[in-house]
2 protein chains.
Amino acid sequence: MSFERLRERYNTLKKYSFEGYLSAELTDTLKDIYEISAGILYDLDSVELNSQIQGKEYFAFEKGGKKSRAIRHGLYKNDQKKISKFFRSMHGGFFAGIGSEELTSAVYTIAISFCACIDLFKIRDQKTPGTFFEIFIGSLFARRINKAPIKSLEILNLDMSTSLPTDFIFDLGANKIKFHVPVKTSTRERVIQVWAHQRVLDGVYGWGRFNGILIVMSETKTDSKNNSVIEICLPDQWRLYQMFISQMQRVYYLDLPDKYRKLNDVFPKIKVAPFGEFFHETDNLIK
Amino acid sequence: MSFERLRERYNTLKKYSFEGYLSAELTDTLKDIYEISAGILYDLDSVELNSQIQGKEYFAFEKGGKKSRAIRHGLYKNDQKKISKFFRSMHGGFFAGIGSEELTSAVYTIAISFCACIDLFKIRDQKTPGTFFEIFIGSLFARRINKAPIKSLEILNLDMSTSLPTDFIFDLGANKIKFHVPVKTSTRERVIQVWAHQRVLDGVYGWGRFNGILIVMSETKTDSKNNSVIEICLPDQWRLYQMFISQMQRVYYLDLPDKYRKLNDVFPKIKVAPFGEFFHETDNLIK
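Residues numbered from 1 in each chain as written. Chains lettered and ligands numbered in written order. Predicted model: local features only at pLDDT ≥ 70, side-chain atom pairs only at ≥ 80, totals over all residues.

1. A look at the environment of Arg9(A)
All names here are of chain A. With respect to the helices and strands, the residue Arg-9 is situated in helix α1 (residues 2–19). Along the chain, Arg-9 and Ile-36 lie 27 residues apart, while their C-alpha atoms are 9.2 Å from each other. The residues touching Arg-9, leaving out its near neighbours within four places in the chain, are Thr-29, Asp-32, Ile-33 and Ile-36. (Helix = DSSP H or I, 4+ residues; strand = E, 2+ residues; numbered from the N terminus. Contact = placed C-beta atoms within 7 Å.)

Okay, structure coming up:
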């Protein structure tokens with residue numbers, strides 16, 4: 001019953017996303033989705049997972065023998081008052097009144113609540129959580145900079161004319177920076193695509209026209225046999241991509257792996273940060 | 001019963017592939033796998049598919065309501081004599097006695113026979129056909145140039161030392177060309193990875209040290225509801241990758257889509273050909 005309502009709200013969210021990312025209706029639908037998800041999860045049992053990641057503890061919701069993805073203790077905070085405040089800020093596009101840690105936590109809680117419901121009510125569905133996460137993050141980015149994104153670019157190149165499908169592009173207007181914003185629930189071995197798309201944009205439009213900002217939920221993987229949770233990270237490969245393919249301006253995580261945080265301190269310095277920091281440093285990204 | 005034997009032979013093939021790609025045992029195991037697959041398929045019904053691709057007709061094998069992937073009429077030739085001749089050539093690494101069309105057809109028939117069996121006997125298993133195809137093509141390439149491949153490269157770059165996992169690398173020795181050979185059953189939207197990996201190699205080792213050669217089975221997709229077969233091709237995106245990421249020397253297909261064949265005639269000219277041609281032009285690739 002609740003799950004049917006969740007599905008209906010999700011389909012409505014997709015519909016609003018086609019119409020634009022800045023509408024009050026889209027934000028309200030995100031809030032509905034969070035509240036229905038939280039209600040579903042409230043009735044479920046949870047199980048502690050065996051975290052192999054230093055300094056992080058995880059649990060999962062359970063239903064009929066199925067387990068949700070790993071959810072991080074301390075980052076997941078089902079605090080109705082704070083979440084309501086977050087959605088009010090989202091409506092206004094003004095996030096200065098909330099600290100960056102609380103922002104990261106609110107976004108994580110909203111995102112992972114819906115994903116956990118899909119994990120438990122559908123079989124092997126990776127697409128729905130991915131699409132939801134993309135719409136949620138895209139609409140947050142749009143609200144923060146007050147610009148709707150586009151998802152493909154026209155290309156004119158001598159004897160060829162085509163359109164390039166892309167991740168989110170936010171165009172701030174003539175002579176201003178544009179943002180190239182890939183959004184992923186996790187990256188694994190596919191992340192090279194992000195640097196490659198950035199390189200195509202640099203090549204087609206000229207270096208420095210697009211700032212690349214990758215936004216990721218987490219890199220956890222749960223072994224269903226023994227309930228252990230690991231993080232899959234390939235920091236040395238990221239360094240090669242940053243040196244030899246293109247340069248991403250920022251990488252933001254909701255649940256930031258320590259191995260990627262350390263990329264702030266080695267060559268080539270890749271700026272990796274919790275997503276909450278985005279809301280407070282946006283003005284610097286635009287410069 | 002036959003399928004159990006097929007599984008055992010596949011596991012043996014994987015074992016041999018870890019030990020090296022040039023052994024007589026590996027070639028013999030490939031031949032066993034083909035013969036068992038052909039025996040399984042011989043007993044099955046087939047159904048004509050509704051091809052939406054001009055000039056190409058397809059069918060699928062059927063078992064208990066399940067259908068195999070699309071198999072191209074005319075290219076699939078279950079001709080024991082020709083397949084035996086092909087494996088004798090493979091043992092010697094000498095393919096000059098077989099025409100390029102017959103080579104393409106033999107490789108296609110061997111590859112797709114195994115893949116069709118996996119489609120019918122396992123559920124949603126993409127990994128096994130992919131691994132088999134990679135080993136088969138890798139061992140053919142190795143036989144043709146008489147060099148075993150490696151699958152990772154050491155990287156020393158001032159303050160970093162790591163190993164880069166790659167697709168097949170064939171190193172012909174000091175002051176000779178090296179080949180970077182990604183192998184895929186189909187490419188779709190993931191193909192940008194191929195150009196991106198080539199760019200990392202160009203960046204780390206210097207431009208011109210590695211010749212990139214992509215080898216693909218087909219780009220067909222069957223709609224299970226109405227049995228229609230389409231090809232998913234993104235030629236304009238390939239052109240952007242070839243202009244702005246890196247340059248692949250060749251792309252070979254077993255079932256070559258016409259949209260990619262046309263890339264031979266537009267800028268930037270990407271040389272796309274049926275895989276059989278590889279065996280006769282290898283000497284030119286090395287120059």
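Still more ground to cover, so stick around.
2. Here we look at the nonpolar core
If you look at the biggest cluster of nonpolar residues, it comprises 158 residues, and the most contacted ones within it are Ala111(A) and Ala111(B). Each residue touching Ala111(B), except ones within four places of it in the same chain, is listed here: Phe133(B), Phe136(B), Met217(B) and Leu254(B). (Core = buried A, V, L, I, M, F, W, Y, C linked by C-beta atoms within 7 Å. Buried ≥ 20, exposed ≤ 12 C-beta atoms within 10 Å, placed from the backbone.)

3. With respect to the relation of the copies chain B and chain A
Between the two copies, chain B and chain A, the superposition gives an RMSD of 0.0 Å; the rotation angle is 180° and the shift along the axis is 0.1 Å. Here the symmetry operator amounts to a two-fold rotation axis. In this assembly, 100% of the residues forming the interface of chain B have copies in chain A that are likewise at the interface, indicating an isologous arrangement. (Least-squares fit on C-alpha atoms with pLDDT ≥ 70 in both.)

4. Remarks on helix α2 (residues 24–42) of chain A
Here α2(A) spans 27 Å end to end across 19 residues, near enough to the 27 Å set by a 1.5 Å rise per residue. Among the residues of α2(A), Leu26(A), Thr27(A), Thr29(A), Leu30(A), Ile33(A), Tyr34(A), Ile36(A), Ser37(A), Ile40(A) and Leu41(A) are the ones counted as buried. (Expected span 1.5 Å × (residues − 1).)

5. Brief notes about the domain arrangement of chain A
All names here are of chain A. According to the domain assignment, chain A contains domain 1 (2–145) and domain 2 (150–286). Placing the centre of domain 1 and that of domain 2 at their C-alpha centroids yields a distance of 21 Å. Facing 29 residues of domain 1, the contacting portion of domain 2 comprises 25 residues. Elements that contribute at least two residues to the side of domain 1 that touches domain 2 include exactly β2 (50–51), β3 (58–63), α4 (100–121) and α5 (127–145). At 9 residues, the largest contribution of residues to the side of domain 1 that touches domain 2 is made by α5. Along the lines of polarity and charge, the residues of the side of domain 1 that touches domain 2 split into 16 nonpolar, 7 polar and 6 charged. (Domains from an automatic or database assignment. Nonpolar A, V, L, I, M, F, W, Y, C, P; charged D, E, K, R; others polar.)

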